[in-house]
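In case you want the letters, here they are:
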Amino acid sequence: MERTAYCGQITSKYKEQHVTVTGWVQKRRDLGGMIFIDLRDRFGIVQVVFNSDKNKEALEIAEKIRSEFIISVQGQVIPRAQGQENNELNTGEIEIMAEKVEILSEAKTPAFEISDTADISDDVRLKYRYLDLRRPKMQENLKLRHQVKKVFRDFLDGEEFLDIETPYLTKSTPEGARDYLVPSRVNQGKFFALPQSPQLFKQLLMSSGYDRYYQIVRCFRDEDLRGDRQPEFTQVDIETSFMEKEDIQSMIEKLLVRLVKEVKNVTIKAPFKRLTYKEAMERFGSDKPDLRFDMELIDLNTIAQESSFKVFSSALENGGMVKGLTVKGAAKQFSRKNIDALESIAKIYGAKGLAWMKMTEEGLTGPIAKFFKEGDTGSKLVETMDAEDGDLLLFVADNKNVVYDALGALRLHLGKELNLIDESELAFAWIVEWPLLEYDEEAGRYNAAHHPFTKPVEADIEKLATEPENVMADAYDIVLNGYEIGGGSIRIHKRALQEEMLSALGFSKEEAHKQFGFLLDAMDYGFPPHGGIAFGLDRLVMILAGENNIREVIAFPKNGKAMDPLTDAPSVVSNDQLIDLGLRLKDKETEAE
Ligand code: ASP
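Structure report, in brief.

So, the overall build of the protein chain
Inference 1: A tally of regular secondary structure across the protein chain gives 16 helices and 22 strands.
Inference 2: With 593 residues in all, the protein chain has 49% of them scored as buried.
Inference 3: Here the protein chain has roughly 30200 Å² of accessible surface; of this, 47% comes from carbon and sulfur atoms.
Inference 4: For the protein chain, the distance from the average position of its 78 positive side-chain charges to the average position of its 101 negative side-chain charges is 3 Å.

Here it is in structure tokens:
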């Protein structure tokens, strides 16, 4: 019995036709003499009826069928009895009257019901991922992922980009995160690294004249995991030669406008908003601000200076700052207990406390209001914070990073809690004008804020040796709804500048040559000006799917401990394997099988 149609596609236009469908049994209802089966495939569900009056043999087989059996059914598409239609299904007006049925595969009772509403723990879902992936939402998510990739490919192909693969077994180079290492059997004692990104290879391709390259490629970073991070993840990696950053940005905008139109039928406008890194931090306390709602951070340094409130003035004396949030109309809703809960969020980000006041008809109230009764600090505060009757005012006074992180996190928390976010909105923006370097207190040296191949802005190049902290980068990130979905830059293409940059990062000449000699040498043979960007595909699809963990858009992800409960990877390997590789585990030999 060869399949003639997908279950989920049998609408009333098939009426009276004979069809053969195959699928998984979602549900079976036995009414005695009559059995109904909901049969599922990746397009949806169709109802199949077995009736002893019409076909006794088929009914007898149907009696043996259970959930998740795979069956093949031949029958006639007929209208459902009046009143039995199901508007929620595509196929809700019809059913298939079974004439012939075959059991293709039997199934044990699954560990959980195959439905979007089943409440299943994450590890159970991952252990039985093959069952979990049967759920309609997962099928939808993976289909969306496919569609997103297809739009990227179609668009980039239309713009003359070539898809070129780069190696997975490559050299360990410092790119920011920890590498995954692969020991070499042939060259014992030596290791490959799995790429954190194809950054250097795509730059080399530019030198070889492939002036528009892209790749949908797996990247590997051994980092602590979060909801939007996995040890292996997928980038849409793009590089171009001879394009200015504005041209790259507008091409990417065209791509994203097309993407959301095609996959979500949402029309967005380009050009997108552009915020400098500084502005994003100052206004939203984040370098990936969620722009779907306002509630911006308010600078209160001048008022803090004039006020007699010690916590504020001493933060300033210590070189810190004071900023606040006006939470409109929230005064009544937030009892002291609720405010304590907000304070504990601020504390996660290092704040020592969360100061607050409420604006009432009588003016400012709350434990610190008395400090704002003298002089005109109170009225200035009310004016600066645009405080009206019923508003809750929150304050953090600390060093810059703590103030931004704590208030940025509170802003996001309150945006969600107070339903200030329009979930259907897609708020894209570019974050531009990044610092080139960031100082690592612990290591006592500078790190590249983006990566070591990003070009300093032309006007700042001369400051690289003298005041590196003030050098800005030709870099840009693209953010969507509070997530960084991509980042890129114009690259250094001249050897002398690349060497200078590596020296600013603390590499000696020898070390720079050892790590990046191949790139530096290539720069001696004609290297075009170039730049590019990479998108985090998983994150982008996650947002478009309305999910909040990238696991939901990856077929076989790792769990929060960087393990795969399905295959049990990573696993212990045999001693023979280790010997082949010339490796010995420290204190662990007895565990190896
Ligand atoms: N390779 C960079 C990254 O993975 C992106 C880029 O600059 O194109 O962050």
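Considering the sheet that holds strand β13 (residues 321–327)
Inference 1: An order of β12-β13-β16-β14-β15 is seen for the five strands of this open sheet, with the pairing classed as antiparallel. Either end of the sheet is taken by a strand with one partner, and the two such strands are β12 (298–299) and β15 (363–365).
Inference 2: Direction of pairing for β12 relative to β13: antiparallel, over a ladder of two bridges. Opposite D299, over in β13, you have K323 as the bridge partner.
Inference 3: Along the sheet face, helix α9 (residues 310–317) touches β13, β14 (355–360) and β16 (392–398) and points at about 40° away from the line of β16.

Here's the deal with the packing of helix α13 (residues 495–504) against helix α14 (residues 509–522)
Inference 1: It is the contact of α13 with α14, at a shortest axis distance of 11 Å, that shows an interaxial angle of 145°. α13 and α14 meet at a crossing whose hand is right-handed. Here R495, Q498, E499 and L502 of α13 come into contact with α14, specifically with K509, A512, H513, F516, L519, L520 and D521.
Inference 2: Of the residues belonging to the contact of α13 with α14, the class tally is five nonpolar, two polar and four charged.

Describing the site of the ligand
Inference 1: Every residue near the ligand is listed here: S197, Q199, K202, R221, Q235, H450, H451, G487, G488, R491, I533 and A534.
Inference 2: In the environment of the ligand, an oxygen atom lies 3.0 Å from a nitrogen or oxygen atom belonging to the side chain of H451.
Inference 3: Its free accessible area being 270 Å², the ligand has 89% of it covered by the protein chains.
Inference 4: Elements with a minimum of two residues in the shell around the ligand: α5 (199–207), β21 (483–490) and β22 (530–536).
Inference 5: Its residues assigned to classes, the shell around the ligand comprises two nonpolar, seven polar and three charged.

Section: the packing of aromatic side chains
Inference 1: Taken as a whole, this structure holds 14 aromatic pairs when the rule is applied.
Inference 2: With 5.0 Å between their ring centres and 70° between their planes, Y439 and Y446 make a pair best called edge-to-face.
Inference 3: Counting every residue linked through ring pairs, the aromatic cluster contains F309, F312, F371, F372 and F395.
Inference 4: Between the NZ or CZ atom of K127 and the centre of the ring of Y128, over which it lies, the distance is 5.6 Å.

Here we look at the sheet that holds strand β2 (residues 34–41)
Inference 1: Read around the closed barrel, five strands run β1-β2-β3-β5-β4, paired in mixed fashion. Pairs of neighbouring strands in the sheet enclose a mean axial angle of 55°, with direction left out of account.
Inference 2: In this sheet, strand β4 (residues 70–79) lies alongside strand β1 (residues 18–30) in antiparallel orientation, the contact comprising seven bridges. Pairing of T22 across the sheet is with S72, part of β4.

Focus on the environment of P167
Inference 1: Tracing the sequence through the fold places P167 in the loop between β6 (162–163) and β7 (180–183).
Inference 2: Separated by 28 residues in sequence, P167 and P195 place their C-alpha atoms 7.9 Å apart.
Inference 3: Leave out the neighbours within four places in its chain, and P167 touches P195 and F201.

Topic: the packing of helix α10 (residues 336–348) against helix α12 (residues 400–417)
Inference 1: It is at 8 Å that the axes of α10 and α12 come closest, and there the two elements cross at 135°. When the axis of α10 is compared with that of α12, the two are oblique. As for how α10 packs across α12, the hand of that crossing is right-handed. Of α12, the residues touching α10 (which contributes L342, I345 and A346) are A406, A409, L410, H413 and L414.
Inference 2: Class assignment of the residues belonging to the contact of α10 with α12 gives a composition of seven nonpolar, one polar and no charged.

Re a nonpolar patch on the surface
Inference 1: A cluster of nonpolar residues, L181, F191 and L583, forms a patch on the protein surface that exposes about 270 Å² of accessible area.
Inference 2: On the secondary structure map, F191 appears in strand β8 (residues 191–194).
Inference 3: Judged by its relative accessible area of 42%, F191 is partly exposed.

Regarding the pattern of salt bridges
Inference 1: Summed over all chains, the structure comprises 44 salt bridges.
Inference 2: Put simply, R28 and D30 hold a salt bridge, and the shortest N to O gap is 3.5 Å.
Inference 3: When the shortest N-O distance is used, the salt bridge between R218 and E232 registers 2.8 Å. Highlighted residues: R218 in strand β9 (residues 212–220) and E232 in strand β10 (residues 232–241), separated in sequence by 14 residues.

Thresholds, definitions, all that
- Residues numbered from 1 in each chain as written.
- Predicted model: local features only at pLDDT ≥ 70, side-chain atom pairs only at ≥ 80, totals over all residues.
- Heavy atoms only, no water.
- Helix = DSSP H or I, 4+ residues; strand = E, 2+ residues; numbered from the N terminus.
- Buried < 20%, exposed > 50% of the residue type's maximum accessible area, 1.4 Å probe, protein only.
- Areas by Shrake-Rupley, 256 points an atom, 1.4 Å probe, with all protein chains shown as cover.
- Lys, Arg positive; Asp, Glu negative; His and termini not counted.
- Charge placed at Lys NZ, Arg CZ, Asp CG, Glu CD.
- Pairing = 2+ DSSP bridges.
- Contact = heavy atoms within 4.5 Å.
- Axes fitted to C-alpha atoms, helices over the stretch in contact; angles between N-to-C directions.
- Left-handed = near helix turned anticlockwise from the far one by under 90°.
- Nonpolar A, V, L, I, M, F, W, Y, C, P; charged D, E, K, R; others polar.
- Near = heavy atom within 4 Å.
- Polar contact = N/O pair within 3.5 Å; in protein donor to acceptor, adjacent residues only side chain to side chain.
- Phe/Tyr/Trp six-rings, centres within 6.5 Å; stacked < 30°, edge-to-face > 60°.
- Lys NZ or Arg CZ within 6 Å of the ring centre and 35° of its normal.
- Parallel < 35°, antiparallel > 145°, perpendicular 65-115°, else oblique.
- Patch = residues over 30% accessible without salt bridge, like charges linked within 9 Å, V, L, I, M, F, W, Y side chains within 5 Å.
- Salt bridge = Lys/Arg side-chain N within 4 Å of Asp/Glu carboxyl O.

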